[in-house]
Amino acid sequence: MASEQLMSGSGSRYHKMQSSEPLPAMMSSFFSFRQVPESTRIFEELPKATIVQVSRPDPADISPMLLSYTIEFQYKQFKWRLLKKASQVFFLHFALKKRAFVEEIHEKQEQVREWLQNIGIGDHAAVVHDDDEHDDEAVPLNHDEIAKNRDVPSSAALPIITPALGRQQSISDRAKVAMQGYLNHFLGNMDIVNSREVCKFMEVSKLSFAAEYGPKLKEDYVLVKHLPKIPNDDDLRKCCGCPWFSCCKDNWQKVWAVLKPGFLAFLEDPFDTKPLDIIVFDVLPASDGNGEGRVALAKEIKDRNPLRHAFKVSCGNRSIKLRTKSNRKVRDWVAAINDAGLRPPEGWCHPHRFGSFAPPRGLTDDGSQAQWFIDGRAAFEAIASSIEEAKSEIFICGWWVCPELYLRRPFHTHASSRLDALLEAKAKQGVQIYILLYKEVALALKINSVYSKRKLLSIHENVRVLRYPDHFSSGVYLWSHHEKLVIVDYQICFIGGLDLCFGRYDTFEHKVGDYPSLIWPGKDYYNPRESEPNSWEDTMKDELDREKYPRMPWHDVHCALWGPPCRDIARHFVQRWNYAKRNKAPNEQAIPLLMPQQHMVIPHYMGRSLDIEVESKSVEDSHNKGIKRQDSISSRSSFQDIPLLLPQDADGMDDSNGESKSNGVELNFNLHDQQPNRPGKSFSFSFRMSKVEPSLPDMPMKGFVDDPDNTLAFQGEKSKSLDKEWWEIQERGGQVVFADETGQVGPRTPCRCQVLRSVSQWSAGTSQIEESIHIAYCSLIEKSEHYIYIENQFFISGLAGDEIIRNRVLEALYRRIMRAYNEKRCFRVIIVIPLLPGFQGGLDDAGAASVRAIMHWQYRTICRGQNSILHNLCDLLGPKTHDYISFYGLRSYGRLVDGGPVASSQVYVHSKVMIIDDCTLLIGSANINDRSLLGSRDSEIAVLIEDKEYVDSYMGGKPWKAGKFASSLRLSLWSEHLGLRTGEISQISDPVIDSTYKDVWMATAKTNTAIYQDVFACVPNDLIHSRASMRQSMGYWKERLGHTTIDLGIAPKKLESYHNGDIKDTDPMERLQSIRGHLVSFPLDFMCQEDLRPVFNESEYYASPQVFH
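Cut-off values and rules
For every chain, the first residue of its written sequence is number 1, and the numbers climb from 1 along that sequence. Confidence filtering applies because this is a predicted model: local features only for residues at pLDDT of at least 70, side-chain atom pairs given and counted only at 80 or more, and all residues used for totals across whole chains, interfaces and linings. Where side-chain values are given, they derive from all heavy atoms of the structure, hydrogens and water being excluded. In this scheme, a residue with accessible area under 20% of its type's maximum is buried, one over 50% is exposed, and one in between is partly exposed, where area comes from a 1.4 Å probe on protein chains only. Think of it this way: any DSSP run of H or I at least four residues long counts as a helix, any run of E at least two long counts as a strand, and we number them from the N terminus. Two strands are said to pair when DSSP picks up at least two bridges between them. We call a set of buried Ala, Val, Leu, Ile, Met, Phe, Trp, Tyr and Cys residues a nonpolar core when their side-chain atoms join them within 4.5 Å. We call two residues in contact whenever any of their non-hydrogen atoms come within 4.5 Å of each other. A residue's pLDDT is the predictor's confidence in that residue, given on a scale from 0 to 100. Think of each axis as a best-fit line through the C-alpha atoms, taken over the contacting stretch in the case of a helix, with angles from 0 to 180 degrees between the N-to-C directions. Note on angle classes: values under 35 degrees are labelled roughly parallel, values over 145 roughly antiparallel, values of 65 to 115 roughly perpendicular, and the remainder oblique. Two helices cross in a left-handed way if the nearer one is turned anticlockwise from the farther one by less than a right angle. They cross in a right-handed way if the turn is clockwise. Residues are grouped as follows: nonpolar covers Ala, Val, Leu, Ile, Met, Phe, Trp, Tyr, Cys and Pro; charged covers Asp, Glu, Lys and Arg; every other residue, Gly included, is treated as polar. Multiplying 1.5 Å by the helix residue count minus one yields the expected span of that helix. The directions considered for the arc are those from the helix axis to the C-beta atoms.

**Overview of the pairing of strand E35 (residues 940-947)**
Right, on to step 1. For E35, a buried count of 8 out of 8 residues is recorded, marking the element as mostly surrounded by other parts of the structure.
Right, on to step 2. The two faces of E35 match: Glu940, Ala942, Leu944 and Glu946 on one face and Ile941, Val943, Ile945 and Asp947 on the other face are all buried.
Right, on to step 3. Of the pairings in the sheet, the one linking strand E26 (residues 749-759) to E35 comprises 8 bridges and is antiparallel in character. Residue pairing across strands places Leu756 opposite Ala942, the latter belonging to E35.
Right, on to step 4. Pairing between strand E34 (residues 920-924) and E35: 5 bridges, direction antiparallel. Bridge pairing links Leu921 to Ile945 in E35.

Here it is as structure tokens:
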């Protein structure tokens, strides 16, 4: 091909590169320019390129081949810069010319085939096609269009500047203009832009502009060794000497590496979207052990072969070696990866407040919102509604998951609300469902996760299930995965104490009976104190006789989160899923690796609309337009959907004092001095709230779905336009109004949130033990001002110096109470826990050693021995101790069947919540014991919520600004426990004054406890001090009643009482009518004469005590 001349304004001569003729063997490496299918396209519209700078290594050398060009690319809202040498552009040009030649051959083949068919002799003629040729069967060929698409830059081909021309500055300017013209020419053709050669040159892939994963960072081919053999892998990576010397080992493979703010992914090809492997960034150790400071995420390594250039990426328990073509590329990769790992505001490789992997959210109006739910009905109906609205993916993580669980009741009118039915309906719509189950030790637990997995996998191929840990290979037998999570479309997350399993559905009434079966079908009528089913397969068959045994009511608290906290929790799920996948199913293609989405680029969670200030004039006008909503998070986003992604510089950080300013107000969010947060500046993005309109005609809770007229106003900048909201915030006169009549659903409010967790190497593959929940508990208790309210399934903790119990929640409570006593200030600590552990077996039974062991550790914490808090406080405070701290439980009663016995059962407190000063709360899955809090044992997740919106209230008799979220939850919990009606809420508005604490709270508990003792003599109580007296009491009541429950929960048909010297028979229901709510006193003297630890003839004696605490 003859050279062509391109004339500039000054008349300089530029010579066109000669395109070499491609070899026929190379044809198969190119696919068609013609009408590239949209499914394989990376670019949906034409990108732009600007030459920012032209440089040379030696100012004295004017050779054009040594020029380097800094090119800034822009595609939609994404910007990135690349440094390209002239030689790289030179090779790109020849690659495009080769492709054009191949296309010309393909066109001639098609013309011949068409001609033969037209003359009637080629109907069945075979025509050789290239392997990578795409099928254009439905598209008529336009040869003029094909020729145009094949027009690789000719008149604007790469210029080579004659060395003798002009001055250096002039040469650089002319080279810049000429190169700009060349780039504009081939970037103006959609099919050429989407070619493999151009995409490689621009360092883009199918993940580059997937906005849910964050801004575009570095991408390129690298060599890896740790991956299994990639199918159909070509041999282009081998050098010319390999056939004789085998100098390139086969276990090194070329893959496409994609760096995003939160992870490094490896793809087989830039046009793939399924990762071969992924490294999710996590907190790195503070020291490498060699005194060289904090461990780096990526580090250059020296190879014994000087021709090999390598670096290492280390995160968690993984360390991966990679190779590139040059030392410069190694340095670029190392710098880019380390920058991504520490980039604010997340800085995933740096510990945040309390040592958490996640930073505090909601410091600005970033869309962080929360809503609480009390008891199973409220939470399960919200979860069902969310699942029904799922568009792309659902994550479920549980200690126990029952596929046959009905999320709405009565169950016979809500067959479609069964969990497996809900998941099947969404899976058939293409929603991807990922479920993580705890793999229990079958000898210790009867939750039968094997059955759950088998049942869930049979639903649909889009449902994927993993059980973890594998006990034999991991060596983990004592600890469990205890998180309870449901995450839908990265939009909404449910977190708290509720597993999606039998026995958890309940209402504020906490009924003990259900006959005939309307609410709790089959084995969902559940009382683990009486009996644990040996098999869960026949779920509709009753385990208990409903006419003789009560169910055990279940009290729990759950929470929904939106915005950045939701994505932080989803990131935790992704980490756990990927870790389980690598250990359990590394080669199973049906179980994919997941990539965490980046909250900063998704528009759905924001409720306000702000204009974005963009420096680039070329995109300024388009970004001032309105932002549209997209229906699916995982769907491809349009230009209007996503904000401009500008990388944040490290100098935006300010960690000098752990404070951040928001809207001109200083917010001190560093509650743990040893773990300062690193807030960074962030850009204001223009977003709209995703609109979801669930159809819930039969939902019993009024106000659960929003009124179309309701809108949500955030603090600070008011929204310019709002879609109608899915969940409702109700305000009347500045006071909180519950979203339903029973106060089981709270207001959806903007909050400051931080996700906390307990994880370690065995549970999530992290390099560090994270115990941020434990640290947060202690820090929040220390900084509390007026009161602490705790509900928890367990209360096992230790004081300073306790060498057995290692968590220090008890020590923090002790110190805070002593400080209040010394300062002569009113301070209350109220703790509500189960009356008995929720495990099978009578307290005097030989098989109930586990129950007694847990009771031992709890009483050791509360009131027995030198390590208990009441023992230590009474020594100093005397009778005033109970003015500062007191313990309670919950109990309920009811008639099992018309004309049947009246029964009572403890309400099992399974919630894990702490409320402080009506402004702050911590809620999640973590119990107060070493198992949950130390990080190295059970895996847990929690969220710290700090209010941003306040209502007028009182504290200690003085006006107080109470947080809307925290105070409304406390008021609802206390109303349920105390049996208060709507007009009586004002009695508990001030939680610390004597009229509330003593006259209402303590008095109600004392009265209820006395009534239950009179009617049932139920266990536990303060009158039974030994196992001998326990046996005596059990024998008496069994003989008198003929039948009773394991904890003496059946009332006599008539109560005998003396009145004026005569015996009077009274209906027990008349006496029980005086009970208010469910609150009772915790029996501190129960079994006080017994050592409840396992003895040598019990199998629990030989188990590690750590199992029980």
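**Some words on the nonpolar core**
Right, on to step 1. Ranked by internal contacts, the top residues of the largest apolar core, which has 110 residues, are Phe281, Ile337 and Ile945.
Right, on to step 2. Residue contributions to this core peak at 8 residues, all from helix H12 (residues 564-584).
Right, on to step 3. Excluding residues that lie within four positions of it along the chain, Ile337 makes contacts with Leu259, Leu264, Phe281, Leu297, Ala298, Phe311 and Val313.
Right, on to step 4. Judged by nonpolar contacts, the second largest core, of 71 residues, contains Ile788, Val809, Ala820 and Ile869.

**Overview of the confidence of the model for the protein chain**
Right, on to step 1. In this model, the protein chain carries a mean pLDDT of 80, and residues with pLDDT of at least 70 account for 75%.
Right, on to step 2. Across residues 125-143 the pLDDT falls below 50, and counting only partners more than four positions away or on other chains, this stretch makes 28 contacts in the model.
Right, on to step 3. This model gives residues 600-739 a pLDDT under 50, and the stretch forms 334 contacts once residues within four places in sequence are excluded.

**Remarks on the packing of helix H8 (residues 375-388) against helix H9 (residues 419-428)**
When two helices pack together, their arrangement is given by the angle between the helix axes and by the axis-to-axis distance.
Right, on to step 1. The N-to-C vectors of H8 and H9 enclose an angle of 20 degrees; their axes lie 9 Å apart at closest approach. Between H8 and H9, the angle falls in the class roughly parallel. Where H8 crosses over H9, the two elements pack in a sense that is left-handed. Every residue of H9 that contacts H8 at Ala384, Ile387 and Glu388 is listed here: Leu419, Leu422, Leu423 and Lys426.
Right, on to step 2. Looking at the contact of H8 with H9 residue by residue, the classes come out as 5 nonpolar, no polar and 2 charged.

**Focus: helix H7 (residues 327-342)**
Right, on to step 1. In this model H7 runs 23 Å from its N-terminal to its C-terminal C-alpha over 16 residues, within 8% of the 22 Å that 1.5 Å per residue would give.
Right, on to step 2. Within H7, the full set of buried residues consists of Lys329, Val330, Trp333, Val334, Ile337, Ala340 and Gly341. For H7, the arc enclosing every buried residue in end-on projection is 140 degrees, short of the 170-degree limit, so these residues lie on one face.
Right, on to step 3. As for H7, its buried residues are in contact with strand E7 (219-224), strand E8 (253-260), strand E9 (263-267), strand E11 (298-301), strand E12 (309-315) and strand E13 (318-324).

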